[in-house]
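# Results of the structural survey
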Amino acid sequence: MENILEIRNVSKKFVSNNREILAVDNLTFDVKYNEFLSIVGPSGCGKSTVLRMIAGLEKPTSGEILMEGRRIEGPGAERGLVFQQYTLLPWRNVLDNVAFGLEIRGVPKKERYEIARRFIKMIGMEGFEEAYPYELSGGMQQRVAIARTLANDPKVVLMDEPFAALDVQTRAILQHELLKIWEKEKKTVVFVTHSVEEAVYLSDRVIVMTARPGRIKDIIPIDLPRPRKRDSLEFIEYRKRIVNILKDEVLKSYNMYRYAKNGIGC
Amino acid sequence: MNLRKFIAPLLGLALWELLALWLNNPVVLPPVEEVIKVLINPQISILGTGTLLDNTLVSIKRVLSGFILAGAVGVPLGILMGYYPLVMDLFDIIIELLRPIPPLAWVPLALAWFGMGETSMLFIIFIGAFFPILLNTIAGVKGVPKILIETAQTLGAKEKDILLKVVIPASLPSILTGLRIGAGIAWMCVVAAEMLPGSSAGLGYLIMYAYSLSRMDVVIACMIVIGIIGLILDRGLRYIEDRYFKWRYLIK
Ligand SMILES: Nc1ncnc2c1ncn2[C@@H]1O[C@H](COP(=O)(O)OP(=O)(O)O)[C@@H](O)[C@H]1O
Ligand SMILES: [Mg+2]
């Protein structure tokens, strides 16, 4: 079996204020073992919803999601999610936040702190072990959340715009570190981003989604050897291609919001 | 320290002293120094009913017993009600009906059930402290951001971990607020309960007894002690809240 995840005809409807919103419409795709897959699409197209469904936090309205052939019924440690929002436990310092997953799974204190320190070092936050979330910037909190998910050693790492709050340099370092872990530990990554450049730099394949309701517009394999050069001709070619595919959808989603605001509906 | 803050209290004391001298009737208003004399000699027996210190300790002991009991029931029940809809549905209506009844309205029933004495007082204090503790605990648990629970779930947390490692720590600030408010009300209740017939010790008792002997200096001294202890209780718990729960401002 070469697919770790199979997303089969998955749709998700939300009901809020007596209005039904079709967030995700009949999505079908596979994720291969040890694949790095990115999802890009206009905001509000259902990217977070897809990740949350894979994580098991949200049930598909129809269709099903399989992991290693078994239907996903709820959240579990083998599918770690780095949320788009800030989610550190505010009463725990950085070290205890990163060690949280290991603590839950009963890893002895000494061992889990050792692992946690290694990941804190990886995200470049040595010296902040004792700091509390309220003392950290948003970008730092997000890095700690990444360390927390990776330290828990999930088979599938789901990441929802994890680098959005970071400056360009930190972002580049973390992209590099993420690729290192992914290669070394044979992880499968599903990565949501709004940066096409980031998607091309990191991914084996990039899924482009349509404006809401989210469907798959295109899937682009990135056939470039790593480490990739962001200024190489091929790299720029891929970027342009994906930006072009995305452009119409972003426009559509922009107009959708405008019409919705004017009461014409969408 | 801001000296301006002391202007009004000092003026008040001066006014009291002048008024007392002018009235020259300690049964209505004793002079300041008489009250101070009682306060600075807390170990001297007053009117043959024990010392100010003893009576204060009796009240404190009662309040602690009632308060601890209220916390021991209110906090766990609040956590269960906040977390499990089933428990909420079981108790919700009873709580909503009993909550608006002032603790002192329970006095006749307490006397009928437990007779005059310690148990009745304990019951009144319990009732007073219980509801703020319960309601704040429920609010704290319900206010735990869902995303923190989801975070724990994606890290592999089961129901027990979520309750012990997310829900309870996250609601601790709110629980502590409930305990602080509960302690304040318990303190008010103990004084009131000690004024009931059949009481034979405590600050509330001492006040009423001193009143019956027209010893207003003792009455006022007791009132001041009651006020100071209430203040210390409140400030102490507030200090803990600020010192150990700074992070709570992060939970929105
Ligand atoms: N819990 C929810 N209740 C109601 N609507 C939701 C909920 N979650 C998401 N949505 C809606 O579903 C759509 C997709 O949301 P989301 O997956 O967050 O998009 P993205 O991550 O691509 O920006 C949006 O229109 C959003 O408003
Ligand atoms: Mg999103």
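Values in this document were obtained by computation on a predicted structure and should not be read as measured data.

## Some points on the overall build of chain B
From N to C terminus, chain B includes 10 helices and 0 strands. Starting at the N terminus and ending at the C terminus, chain B contains elements arranged as α-α-α-α-α-α-α-α-α-α. Considered along the principal axes of its C-alpha atoms, chain B spans approximately 75 × 50 × 30 Å. Evaluated residue by residue, chain B yields a buried proportion of 46% over its 252 residues. Seen as two clouds, the 19 positive and the 16 negative side-chain charges of chain B have centres 9 Å apart.

## Quick word on the site of ligand 1
All names here are of chain A. Neighbouring ligand 1 are the residues Phe14, Ala23, Ser43, Gly44, Cys45, Gly46, Lys47, Ser48, Thr49 and Arg212. Taking Gly44, its main chain carries an N or O atom lying 2.7 Å from an oxygen atom of ligand 1. Within the backbone of Cys45, a nitrogen or oxygen atom sits 3.2 Å from an oxygen atom of ligand 1. Computed on the free molecule, ligand 1 has an accessible area of 560 Å², of which 68% lies beneath the protein chains in the complex. For the shell around ligand 1, the element with the most residues is helix α1 (residues 47-55), which contributes 3 residues. Within the shell around ligand 1, the residues separate by chemical class into 3 nonpolar, 5 polar and 2 charged.

## Observations regarding the domain arrangement of chain A
Residues and elements named next belong to chain A. Here chain A is described as being made up of domain 1 (3-78 + 155-260) and domain 2 (88-153). Taken over C-alpha atoms, the centre of domain 1 sits 25 Å from the centre of domain 2. Each partner contributes to the interface: domain 1 provides 15 residues, whereas domain 2 provides 12 residues. When domain 1 packs against domain 2, close to 1100 Å² is buried across both sides, 70% of that on carbon and sulfur atoms. Area buried by domain 1 at its contact with domain 2 is led by Ala77, Leu174 and Ile181, which between them contribute 32% of it. Run the count over domain 1 and domain 2 and you get 1 salt bridge. The residue Lys187 makes a salt bridge to Asp153 at a minimum N-O spacing of 2.6 Å. The tally of links from domain 1 across to domain 2 stands at 1 residue pair in polar contact (both at pLDDT 80 or more).

## Section: helix α4 (residues 109-122) of chain A
All names here are of chain A. Between the first and last C-alpha of α4 there are 20 Å, a value that for 14 residues agrees with the 20 Å anticipated at 1.5 Å per step. Turning to α4, its buried residues are Arg112, Tyr113, Ile115, Ala116, Phe119, Ile120 and Met122. In the stretch just after α4, Gly124 is the one whose phi turns positive, near 70 degrees.

## Considering the coordination of the magnesium ion (ligand 2)
Residues and elements named next belong to chain A. Surrounding the magnesium ion (ligand 2) are the protein donor atoms Ser48 (OG) and Gln84 (OE1), which sit 2.0 to 2.4 Å from the metal. Pair noted here: Ser48 is in helix α1 and Gln84 is in the loop between β6 (79-82) and α2 (94-98), with a separation of 36 residues, a long-range link. The class of Ser48 is partly exposed, set by a relative accessible area of 24%.

## Points about the sheet that holds strand β4 (residues 62-67) of chain A
Spatial strand order, β2-β1-β4-β5 (chain A): 4 strands in an open sheet with antiparallel pairing. The sheet is open, and its two borders are formed by β2 (19-32) and β5 (70-71) of chain A, each paired with just one other strand.

Cut-off values and rules
Residues numbered from 1 in each chain as written. Chains lettered and ligands numbered in written order. Predicted model: local features only at pLDDT ≥ 70, side-chain atom pairs only at ≥ 80, totals over all residues. Heavy atoms only, no water. Helix = DSSP H or I, 4+ residues; strand = E, 2+ residues; numbered from the N terminus. Buried < 20%, exposed > 50% of the residue type's maximum accessible area, 1.4 Å probe, protein only. Lys, Arg positive; Asp, Glu negative; His and termini not counted. Charge placed at Lys NZ, Arg CZ, Asp CG, Glu CD. Near = heavy atom within 4 Å. Polar contact = N/O pair within 3.5 Å; in protein donor to acceptor, adjacent residues only side chain to side chain. Areas by Shrake-Rupley, 256 points an atom, 1.4 Å probe, with all protein chains shown as cover. Nonpolar A, V, L, I, M, F, W, Y, C, P; charged D, E, K, R; others polar. Domains from an automatic or database assignment. Contact = heavy atoms within 4.5 Å. Buried area = accessible area lost by both parts, 1.4 Å probe. Salt bridge = Lys/Arg side-chain N within 4 Å of Asp/Glu carboxyl O. Expected span 1.5 Å × (residues − 1). Donors = N, O, S within 2.8 Å, 3.2 Å for Na, K, Ca; no water. Pairing = 2+ DSSP bridges.

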